[in-house]
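Residue-level structure breakdown
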Amino acid sequence: MTLKIALLPGDGVGPEVLAQAVKCLEAVEETFNQHFIFKEASIGTIAIDNKGVSLPDSTLKLCKESDAILFGTIGDPKYDNNPDAKVRPEQGLLQLRKELGLFANIRPILSHSTLLDKSPLKKSAIKGADFVIYRELTGGIYFGEKKLNEEGTVASDICEYSESEISRITHLAFKAAKNRKRKLTLVDKANVLESSRLWRKVVTKIGESYPEVALDFLFVDNAAMEIILNPRQFDVILTENLFGAILSDEGSVISGSTGLLASASIGEENAMFEPVHGSYPNDKGKDIANPIAAILSAAMLLDHFGLTEEAMAVKKAVDKSLKKGIVTPDLKENSQYGTNQVGDFIAHNIVDIDDNFLMNDENIDLGKSTII
Ligand code: IPM
Ligand code: MN
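All of these numbers come straight from a predicted model, not from anything done at the bench.

What to know about the overall build of the chain
Of regular secondary structure, the chain possesses 15 helices and 12 strands. Compactness check: the chain gives a C-alpha radius of gyration of 21 Å against a globular reference of 21 Å for 372 residues, within 12% of the reference. Projecting the C-alpha coordinates of the chain onto the three principal axes gives extents of approximately 65 × 50 × 40 Å. Here the chain, with 372 residues, has 53% of them falling under the buried criterion. Taking the contacts inside the chain whose residues are at least 6 apart along the sequence as the reference set, 75% of them involve residues at least 24 apart. By element, 52% of the accessible surface of the chain is carried by carbon and sulfur atoms, the whole surface being about 16,900 Å². In the chain, 41 positive and 54 negative side-chain charges are present, and the distance between their average locations comes to 3 Å.

Some points on the side chain of Ser255
Here Ser255 shows up in helix H10 (residues 241–255). Here Ser257 takes part through its backbone oxygen, which lies 3.2 Å from a polar atom of the side chain of Ser255. Every residue in contact with Ser255, bar those within four places of it in the chain, is listed here: Leu110, His112, Leu115, Leu260 and Leu261.

Let's talk about the packing of aromatic side chains
Scanning the entire structure with this criterion turns up 4 aromatic pairs. Consider the rings of Tyr161 and Trp199, whose centres lie 5.2 Å apart with planes at 80 degrees: the pair is edge-to-face. With a gap of 38 residues between them, Tyr161 in the loop between strand S7 (155–157) and helix H7 (163–178) and Trp199 in helix H8 (residues 194–207) connect regions that are remote in the sequence. Looking at Lys98, its charged tip hangs above the ring of Phe143, at a distance of 4.8 Å from the centre.

With respect to the confidence of the model for the chain
Predicted coordinates in regions of low pLDDT should not be interpreted in detail. Mean pLDDT over the chain stands at 94; residues scoring 70 or higher make up 95%. A low-confidence stretch, residues 362–372 stays under pLDDT 50, and its non-local contacts, those more than four residues away or across chains, total 17 contacts.

Quick notes on the nonpolar core
In terms of nonpolar packing, the biggest core is built from 71 residues, with Leu70, Tyr134, Leu238, Phe273, Ile346 and Ile350 touching the most fellow members. Lining this core are residues from two domains, each supplying at least three of them: domain 1 (1–102 + 267–372) and domain 2 (112–266). Those residues in contact with Leu238 that sit more than four places away from it in its chain are Tyr134, Ile169, Thr170, Ala173, Leu184, Thr185, Leu186, Val187, Trp199 and Val203. One finds Ile126, Ala129, Val187 and Ile237 within the second-largest nonpolar core, a separate group that totals 19 residues.

Brief notes about the site of ligand 1
In the vicinity of ligand 1, the residues found are Ile74, Glu90, Leu93, Arg97, Arg107, Arg135 and Tyr142. In this structure, an oxygen atom belonging to ligand 1 sits 2.6 Å away from a side-chain N or O atom of Arg97. The fraction of the free accessible surface of ligand 1 (330 Å²) that becomes covered by protein chains is 76%. For the shell around ligand 1, the leading source of residues is helix H5 (residues 89–99), giving 3 residues. Tallied by class, the residues present in the shell around ligand 1 amount to 3 nonpolar, no polar and 4 charged.

Quick notes on the sheet that holds strand S8 (residues 183–188)
Working definition: the strands of a sheet are paired by backbone hydrogen bonds and lie parallel or antiparallel to each other. Here we have 10 strands laid out as an open sheet, ordered S2-S1-S3-S12-S11-S4-S5-S10-S8-S9, and mixed in their pairing. Lying at the two open borders of the sheet, with one neighbouring strand each, are strand S2 (35–40) and strand S9 (214–219). For this sheet, the mean inter-axis angle between neighbouring strands, taken without regard to orientation, is 25 degrees. Relative to strand S11 (residues 262–266), strand S4 (residues 104–110) is paired through 3 bridges, and the arrangement is antiparallel. Opposite Ile106, over in S11, you have Ala264 as the bridge partner. Docked against the sheet, H5 engages strand S1 (2–10), strand S3 (68–73), S4, strand S5 (130–136) and strand S12 (271–275), running at close to 150 degrees with respect to S12.

Remarks on the packing of helix H9 (residues 220–229) against H10
Between H9 and H10, the shortest axis-to-axis distance is 9 Å and the interhelical angle comes to 15 degrees. Considered as vectors, H9 and H10 are oriented roughly parallel to each other. The element H9 and its partner H10 pack so that their crossing is right-handed. Contact residues: Val220, Ala223, Ala224, Ile227 and Ile228 in H9; Phe243, Leu247, Glu250, Gly251 and Ile254 in H10. Here the contact of H9 with H10 is built from residues that sort into 8 nonpolar, 1 polar and 1 charged.

A short note on the domain arrangement of the chain
For the chain, the domain assignment lists domain 1 (1–102 + 267–372) and domain 2 (112–266). One C-alpha centre belongs to domain 1, the other to domain 2; they are set 24 Å apart. Taken together, the contact between domain 1 and domain 2 spans 28 residues of the former and 22 residues of the latter. Of the roughly 2,200 Å² buried between domain 1 and domain 2 on both sides combined, carbon and sulfur atoms contribute 61%. The tally of links between domain 1 and domain 2 comes to 0 salt bridges. Between the two partners, domain 1 and domain 2, sit 7 residue pairs in polar contact (both at pLDDT 80 or more). Elements with a contribution of two residues or more to the side of domain 1 that touches domain 2: H5, S12, helix H11 (292–304) and helix H12 (308–324). The element best represented in the side of domain 1 that touches domain 2 is H11, accounting for 6 residues. Split into classes, the residues belonging to the side of domain 1 that touches domain 2 amount to 14 nonpolar, 7 polar and 7 charged.

What counts and what doesn't
Residues numbered from 1 in each chain as written. Chains lettered and ligands numbered in written order. Predicted model: local features only at pLDDT ≥ 70, side-chain atom pairs only at ≥ 80, totals over all residues. Heavy atoms only, no water. Helix = DSSP H or I, 4+ residues; strand = E, 2+ residues; numbered from the N terminus. Rg over C-alpha atoms; globule rule 2.2 N^0.38 Å. Buried < 20%, exposed > 50% of the residue type's maximum accessible area, 1.4 Å probe, protein only. Contact = heavy atoms within 4.5 Å. Areas by Shrake-Rupley, 256 points an atom, 1.4 Å probe, with all protein chains shown as cover. Lys, Arg positive; Asp, Glu negative; His and termini not counted. Charge placed at Lys NZ, Arg CZ, Asp CG, Glu CD. Polar contact = N/O pair within 3.5 Å; in protein donor to acceptor, adjacent residues only side chain to side chain. Phe/Tyr/Trp six-rings, centres within 6.5 Å; stacked < 30°, edge-to-face > 60°. Lys NZ or Arg CZ within 6 Å of the ring centre and 35° of its normal. pLDDT = per-residue confidence, 0-100. Core = buried A, V, L, I, M, F, W, Y, C linked by side-chain atoms within 4.5 Å. Domains from an automatic or database assignment. Near = heavy atom within 4 Å. Nonpolar A, V, L, I, M, F, W, Y, C, P; charged D, E, K, R; others polar. Pairing = 2+ DSSP bridges. Axes fitted to C-alpha atoms, helices over the stretch in contact; angles between N-to-C directions. Parallel < 35°, antiparallel > 145°, perpendicular 65-115°, else oblique. Left-handed = near helix turned anticlockwise from the far one by under 90°. Buried area = accessible area lost by both parts, 1.4 Å probe. Salt bridge = Lys/Arg side-chain N within 4 Å of Asp/Glu carboxyl O.

What follows is the structure, given as structure tokens:
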């Protein structure tokens, strides 16, 4: 298969982690005889500095012409701490999501058996947790009308949803639940918000056509508590944009590090894959950022195009790095391995499972040990 992949490294540690994801995709090309055409474009702070906008037209054009987009991270403290900034790096990402119609953001959350100690949560609570958040990505308060009065003393952001916006992601979430543990939890604030009541109505109606999936509801405040108290109860969580943003960061605590969480943003015609974590500007250039979220995002890209074996090979290589402790310092204090070395290890351990039985583990490790 030939795929055109747009690379958007973005800000902070984005370029470093994205480079590791690309290494892994190159290993997939070689091992599985696939063909990826990579083209890079700017977004975020660099684009603002060079072109005055976070999402240059040329970047948007490249994304539209590509089969998929691999995204790094976005955000810079010089804008975070300036509420008066007129142009912000995040605007580029939001505009890209909107322009490409990437309405469904899929964020899997797993507790890794090898990393149970890394989470500050009780092992007994998080062991075996395995759920996925379906976050609506192009509507709600992120995109509603924004107002600030002339005096700059009163501000508002509107949260608006239409039936069709709710319906398209709901179908995807039900389909996912059907193939998983057959449970869907709608997270909302229907005891207060009109928009949440519409979500409940639409989701309940659609649920009738998925009788094999158990549907339940949680208010977002309660869900925030349940996610860390008893995460094993969840299978698919469906929620609106802002709630999904908040709950997915919270959920990352279960996995042991936000550096592990991958995501896919899917639309009717385009798809983008990006780590859930932020740009960590303080870690930029230090070769310490965890590349696994970016690498697992690349695995989601492969899955999206039906390259299931390839995706599995990437996930297996990631598991191996976790098991062997070849990880960045966020996962192992004083780890001697950097972003690049972890990326190299994972890329070199991407093997075709069919060939795998011919090679013993020792050989693979030995072969790679020169690289690390
Ligand atoms: C995310 C990010 C974005 C969001 C920011 C960078 C606008 O935090 O994808 O979670 O809030 O959606
Ligand atoms: Mn976020």
